[in-house]
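Here is how the chains run, residue by residue.
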Amino acid sequence: QTACSAGTLCLSLENRKTEDMIMNLRKHKLLGILSEQYILSEIGETENKEIGLNDDVILEKLKMSKYKYELIKQSLLDSAEVERHNPRYILGLYSTLKGVASFNDKKYTKAFFDDIINILKNIVQIVIPILSLFIAYYAIQLKISEVNNYNQKQIDTLRKEIKILKSNKLKSETQTKTYPKK
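Position numbers for residues start from 1 in each chain and track the written sequence from start to end. Local features are withheld for residues below a pLDDT of 70 in this predicted model, meaning they are given only at 70 or higher, and side-chain atom pairs are given and counted only at 80 or more; totals for whole chains, interfaces and linings count all residues. With hydrogens and water stripped out, all remaining heavy atoms of the structure feed into the side-chain values.

Draft legend 1. Focus on the overall build of the chain. The secondary structure content of the chain amounts to five helices and five strands. Burial statistics for the chain: of 182 residues in total, 24% are counted as buried. Contacts were defined at the residue level, with two residues in contact if any of their heavy atoms lie within 4.5 Å. For the chain, the proportion of contacts with a sequence separation of at least 24, taken over those separated by at least 6, is 57%. The method behind every accessible area is Shrake-Rupley, applied with a 1.4 Å probe, and residues are considered shielded solely by the protein chains displayed. Accessible surface for the chain amounts to roughly 13800 Å². Of this, 61% is attributable to carbon and sulfur atoms. Only DSSP runs of H or I with at least four residues qualify as helices, and only runs of E with at least two residues qualify as strands; both kinds are numbered from the N terminus onward. Note on exposure labels: buried denotes an accessible area under 20% of the residue type's maximum, exposed denotes more than 50%, and partly exposed covers the range between, all computed with a 1.4 Å probe on protein chains only.

Draft legend 2. Representation of the sheet that holds strand β4 (residues 82–85) within the structure. DSSP-based pairing: two strands are paired if at least 2 bridges between them are found. Here three strands make up an open sheet; going across it, the order is β3-β5-β4 and the pairing antiparallel. The open sheet has two free edges, formed respectively by β3 (53–54) and β4, since each of these has just one partner strand. One ladder, built from two bridges, connects β3 with strand β5 (residues 92–95); its direction is antiparallel. Paired with N54 across the strands is G92, a residue of β5. Relative to the sheet, helix α3 (residues 66–78) contacts β4 and β5, its axis offset from that of β4 by approximately 115°. Orientation is described by lines fitted to C-alpha atoms, with helices fitted over the stretch in contact, and by angles between N-to-C directions that extend from 0 to 180 degrees.

Draft legend 3. Representation of the packing of aromatic side chains. Centres within 6.5 Å make a pair out of two Phe, Tyr or Trp rings, where for Trp the six-membered ring is used; the pair is then stacked when the planes are under 30 degrees apart, edge-to-face when over 60, and tilted otherwise. Tallied over the full model, the rule gives one aromatic pair. When the ring of F112 is compared with that of F113, the centres are 5.1 Å apart and the planes differ by 80°; the resulting orientation is edge-to-face. With relative accessibility at 14%, the residue F112 sits in the buried group.

Draft legend 4. Region of interest: the nonpolar core. Of all hydrophobic cores here, the largest spans 17 residues; its most connected members are L30, I58, Y69 and L93. Broken down by secondary-structure element, the contributors of at least two residues to this core are α1 (13–43), α2 (55–62) and α3. Element by element, the count of residues in this core is highest for α1, at five residues. Leave out the neighbours within four places in its chain, and I58 touches L30, L34, L53, Y69 and L93. Here the nonpolar core consists of buried residues drawn from Ala, Val, Leu, Ile, Met, Phe, Trp, Tyr and Cys, with membership extended through side-chain atoms lying within 4.5 Å.

Draft legend 5. Highlighting the pattern of salt bridges. A side-chain nitrogen of Lys or Arg and a carboxyl oxygen of Asp or Glu constitute a salt bridge if their distance falls within 4 Å. Counted under the stated rule, the structure contains six salt bridges. Ionic pairing is found between E19 and K68, a salt bridge with its closest N-O pair at 3.7 Å. With E19 in helix α1 and K68 in helix α3, this pair connects stretches of sequence that are 49 residues apart. Its salt-bridge partner being K107, residue E81 comes within 3.1 Å of it at the nearest N-O pair.

Draft legend 6. Highlighting unusual backbone geometry. One non-glycine residue, A80, lies in positive phi territory at about 60°. Take A80: it is sitting in the loop between α3 and β4. Its identity is not glycine, yet K106 carries a phi of approximately 55°, on the positive side. Mapped onto the fold, K106 is located in the loop between α4 (97–104) and α5 (107–178).

This is the structure in structure tokens:
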């Protein structure tokens, strides 16, 4: 989180996406808890014969803040995957058949992993061009070094030839001085 100029807290896009991804996992967990209660109440294998659970019980099982729970609850209510449960005037939730199907199909865990795959794709789309740039730079430097080495060898060869020519010229000059022509 970063501070805005107005003094309020703002979430960057990355933090918002991460929070959405975490919320998907929490939705799956909530649907799992409610689906289990729904199925157990249908087959009668639970002390609590109610189809749903009270908010307090759900919060205890989810181990999250009431604020985040309310966000998740509203999202699942909007998508008709859960409905309000009000036994003895205590608010709670129960899973609908659509919610049980979403849990069984792992709708929210699939969304979480789809988000991870998209993030990895974005990273790869950034990293590959940068790596290509470094590889191209290295290849160019290698080629320049190779050309410089070749040129240096040519220069050394020419210097040797010039020395030999100078040496030969000096020899011929000394020979002509010592042996004058007739």
